Amino acid sequence: RTLVPFSFLGLALYDERTRSVEPFVLEATGAAAPPPTLSSPEQLTYWVLEQNAPLVIPDVAQERRFAEEIAYLRARGTASACCLPLATPQRKVGMLIAGSRDPHVYPEGDVAFLSLVANQVALAIDDAVNFEALQASVRLERQRLRDLNASDALLQALSPALDVRET
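Here we summarise the structure given alongside this text.

Definitions and limits used
Per chain, the residues get numbers from 1 upward, laid out in the order the sequence is written. pLDDT decides what is reported in this predicted model: residues at 70 or higher carry local features, side-chain atom pairs at 80 or more are listed and counted, and totals for whole chains, interfaces and linings draw on all residues regardless. In computing side-chain properties, one takes all heavy atoms of the structure into account and sets aside hydrogens as well as water. Any Lys or Arg side-chain nitrogen located within 4 Å of an Asp or Glu carboxyl oxygen qualifies as a salt bridge. Under the DSSP-based scheme used, a helix requires at least four consecutive residues in state H or I and a strand at least two consecutive residues in state E, with every element numbered from the N terminus. Accessibility here uses a 1.4 Å probe with only protein chains present; expressed as a share of the type maximum, an area under 20% marks a residue as buried, one over 50% as exposed, and anything in between as partly exposed. Here, the arc refers to the directions that run from the helix axis to the C-beta atoms. The contact criterion used throughout is that any non-hydrogen atoms of two residues lie within 4.5 Å. We call a set of buried residues a nonpolar core when its members are Ala, Val, Leu, Ile, Met, Phe, Trp, Tyr or Cys and they connect through side-chain atoms within 4.5 Å of each other.

1. Some remarks on the pattern of salt bridges
Inference 1: Following the criterion strictly, the structure yields 5 salt bridges and no others.
Inference 2: Here arginine 17 and aspartate 15 are joined by a salt bridge, their closest N and O atoms 3.4 Å apart.
Inference 3: Across the pair arginine 144 and glutamate 141 runs a salt bridge whose closest N-O atoms are separated by 2.8 Å. Highlighted residues: arginine 144 and glutamate 141, both in helix α3 (residues 108-158), separated by 3 residues, approximately one helical turn.
Inference 4: Take glutamate 141: its relative accessible area is 42%, and that puts it in the partly exposed class.

What follows is the structure in structure tokens.
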């Protein structure tokens, strides 16, 4: 907040497999409210990901697109917003959104700084996702090795018996 003012900070993570978005409220002033459900490709997060460029909404009250998200931001008392794509060279990660209770808060310098922050956030999220996938792969390989060892032990136990009835 000392570098860029905000009263709302949110994150929407994009799943390329399902083409769905999961929203999260990272920080907000006022009463807690669950984030809106994001399911339509015509919503803010999808637009920012498709354009792969920041979107500044200088006055939320004047914005006519993205009805669900804008209604949510208005209800949170947000008057202006800066929406930034989260992407790595490998994939689209999601969107970071900062909102302020004052209109016309995000000048070009703040957007440039927040874009740098968004790039780092995207890399961190991508690393976490890749680490989780690696951990799952390691668990699967360990289970396969246990299964292989059990099969090997079974074959060794059965190999001395040449009589099918005895086996």
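2. With respect to helix α1 (residues 44-51)
Inference 1: Among all positions in α1, only Leu44, Thr45, Tyr46, Val48 and Leu49 are buried.
Inference 2: Directly beyond the C-terminal end of α1, a positive phi value near 50° is found at asparagine 52.

3. Digging into helix α2 (residues 67-75)
Inference 1: Residues Glu69, Ile70, Tyr72 and Leu73 constitute the buried set of α2. All buried residues of α2 lie within an arc of 160° about the axis, which places them on one face of the element. Facing away from the buried surface of α2 by more than 90 degrees, the exposed residues are Ala67 and Ala75.
Inference 2: Against the buried residues of α2 lie β1 (8-15), β2 (20-28), α1, β3 (55-57), β4 (80-87) and β5 (92-100).
Inference 3: A positive backbone phi angle near 85° is found at glycine 77, which sits one or two residues after α2.

4. Comments concerning the nonpolar core
Inference 1: If you look at the biggest cluster of nonpolar residues, it comprises 17 residues, and the most contacted ones within it are Cys82, Leu84, Leu86, Leu96, Ala98, Tyr106 and Leu114.
Inference 2: Those elements that place two or more of their residues in this core are β1, β4, β5 and α3.
Inference 3: Take this core: its biggest share by element is 5 residues, from α3.
Inference 4: Among residues more than four places away in sequence, those in contact with leucine 86 are Leu11, Leu49, Lys92, Val93, Gly94, Met95, Leu96, Ala118, Val121, Ala122 and Ile125.
Inference 5: Core analysis: the second largest hydrophobic core is formed by 14 residues, Phe8, Ile70, Met95 and Ile97 among them.

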